[in-house]
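# Reading the structure
Read off the chains here:
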Amino acid sequence: MIRYKCTVSYVGRDYDGWQSQKLGISVQEKIEAVIRSITQEHNNIIASGRTDAGVNARAQVFQFDTERDMSERKWMGAINGYLPKDIHIMKVERVSRRFHARYCVRKKTYVYRINTGPYDVFTKDIACQCPIPLDTDRMIEASKYLIGTHDFTSLNSSSLKEYPDQVRTIESIDFDIQGDQIAIAFTGKGFLRYMVRMMTAQLIEAGRHRIEPADIETILQARSKTIARRNAPANGLTLEHVDYFDIAALSPDGMLREYLLSDVIPEGLTLKELEENIREKKMPMRYLFTTRHSQEPLGYFIYDGSEGKIFCRDEEARMIAENFREDLSDWFDENGFDRNTPVSIR
């Protein structure tokens, strides 16, 4: 089986969200129907996550597996030839089986767009039409209370029964203000249902002088599903970018993956340096060795250009690491290195 990674853009106006459902029309089922007609297989696609009804995407990412071997360019043309005009495949890449569109996400960026000028028929599907003056200085001040790791129970609609842990990390919130157009970019590892739209609604409230910027902190600390029910309209929200971490090796019990924001970074290094070395193939390249599901650190992997070394926490970790050899050979080969590079396990 071959795994393909696809980047797709769509306007969400006429769809009941990304995910297939019994009632309504989803973006997922439109794409799946086209791929199945091409492959004559029962292909299921897996995306980086869901978008809700009416939400747009500039760069949603999904994967599918197939026996059909075609060039990336042919796949893109074949799928786009049958999709409606409001859904378009931007890129197709043949990827390793280690890649997973949902589980390998490093972070996502959502952008919420607001038009505070006269109603604009040209942006009505991608920007919230809000012809009310907004104090953007207050909005920026309020946004600072959302950055970092917080319990976002008050600012999402996911049930506590389904998601008892509603702690999430917002890496950054950036404003781009061009005249009447306001674009707010939220970047983080993961978001709960309606979380970005509910955060935006509170920023708008601050911009309208209905709440004080510091009230955001009070709302977060309340951890209440009833304290802040406002939800900014779906059409203003766009999934702008999904960033992935690389996995050098994968087994049923463990993985060698890139370091992430939540990890303990090796002394004397920065996360930016670690990411750049891997992206630019600068030596040494360092990966964290963790369990597959709980992400418990078990050691680390270093490739210095001539040899790979896996350092293990204990004997149990060493046994898990023995299963990485075949994947590492593939990883060396995929990155333009000698697939027969020696790997020591210590």
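The coordinates are above.
Notes on the structure follow. (Residues numbered from 1 in each chain as written. Predicted model: local features only at pLDDT ≥ 70, side-chain atom pairs only at ≥ 80, totals over all residues. Heavy atoms only, no water.)

## Some points on the overall build of the chain
The helix and strand inventory of the chain stands at eight helices and 16 strands. On C-alpha atoms alone, the chain measures out to a radius of gyration of 22 Å, which is about the 20 Å that the 2.2 N^0.38 rule sets for 346 residues. Taking the principal axes of the C-alpha coordinates as reference, the chain spans close to 65 × 50 × 40 Å. Residues counted as buried form 51% of the 346 residues belonging to the chain. Considering only residue pairs separated by 6 or more positions, the chain has 67% of its internal contacts joining residues 24 or more positions apart. Of the side-chain charges in the chain, 48 are positive and 52 negative, and the distance between the mean point of each set is 4 Å. (Helix = DSSP H or I, 4+ residues; strand = E, 2+ residues; numbered from the N terminus. Rg over C-alpha atoms; globule rule 2.2 N^0.38 Å. Buried < 20%, exposed > 50% of the residue type's maximum accessible area, 1.4 Å probe, protein only. Contact = heavy atoms within 4.5 Å. Lys, Arg positive; Asp, Glu negative; His and termini not counted. Charge placed at Lys NZ, Arg CZ, Asp CG, Glu CD.)

## So, the sheet that holds strand S15 (residues 308–312)
One open sheet holds the six strands; their spatial order is S11-S12-S13-S14-S15-S16, and the pairing between them is mixed. A single partner strand is all that each edge strand has here, and the edge strands are strand S11 (247–250) and strand S16 (343–345). Going from strand to strand, the sheet's axes swing by 20° on average, the running direction of each strand aside. Bridge count between strand S12 (residues 254–257) and strand S13 (residues 285–291): four bridges; the pairing is antiparallel. By the bridge assignment, Arg257 is partnered in S13 with Leu288. Contacting S11, S12, S13, strand S14 (297–303), S15 and S16, helix H8 (residues 325–334) runs over the sheet at an angle of about 155° to S11. (Pairing = 2+ DSSP bridges. Axes fitted to C-alpha atoms, helices over the stretch in contact; angles between N-to-C directions.)

## Re unusual backbone geometry
Here the residue pair Met283 and Pro284 is connected by a cis peptide bond, since its omega of -5° sits within 30 degrees of zero. Inspection of the secondary structure puts Pro284 in the loop between helix H6 (271–280) and S13. Despite not being glycine, Gln40 shows a phi value in the positive range, around 60°. With respect to the element layout, Gln40 can be found in the loop between helix H1 (27–39) and strand S2 (46–47). One non-glycine residue with positive phi stands out, namely Lys281, at about 55°.

## Re the pattern of salt bridges
Under the criterion given, the structure shown has 28 salt bridges. Put simply, Asp243 and Arg106 hold a salt bridge, and the shortest N to O gap is 2.7 Å. Within this pair, whereas Asp243 is found in strand S10 (residues 237–244), its partner Arg106 is found in strand S5 (residues 105–115), the two being separated by 137 residues in sequence. On the basis of relative accessible area, Asp243 is assigned to the partly exposed category, the value being 22%. In this structure Arg106 comes out as buried when scored by relative accessible area, which is 12%. Of the charged contacts, one joins Lys124 and Asp125 as a salt bridge, the two residues approaching to 3.2 Å between their closest N and O atoms. (Salt bridge = Lys/Arg side-chain N within 4 Å of Asp/Glu carboxyl O.)

## Some remarks on the nonpolar core
Buried together is how nonpolar side chains tend to be arranged in soluble globular proteins. Counting 73 residues, the largest nonpolar core has Ile31, Phe62 and Met199 as the members making the most contacts within it. Broken down by element, the residue count for this core peaks at eight residues, all from helix H4 (residues 195–207). Residues Phe301, Tyr303, Phe324 and Phe337 belong to the second largest nonpolar core, which totals 22 residues. (Core = buried A, V, L, I, M, F, W, Y, C linked by side-chain atoms within 4.5 Å.)

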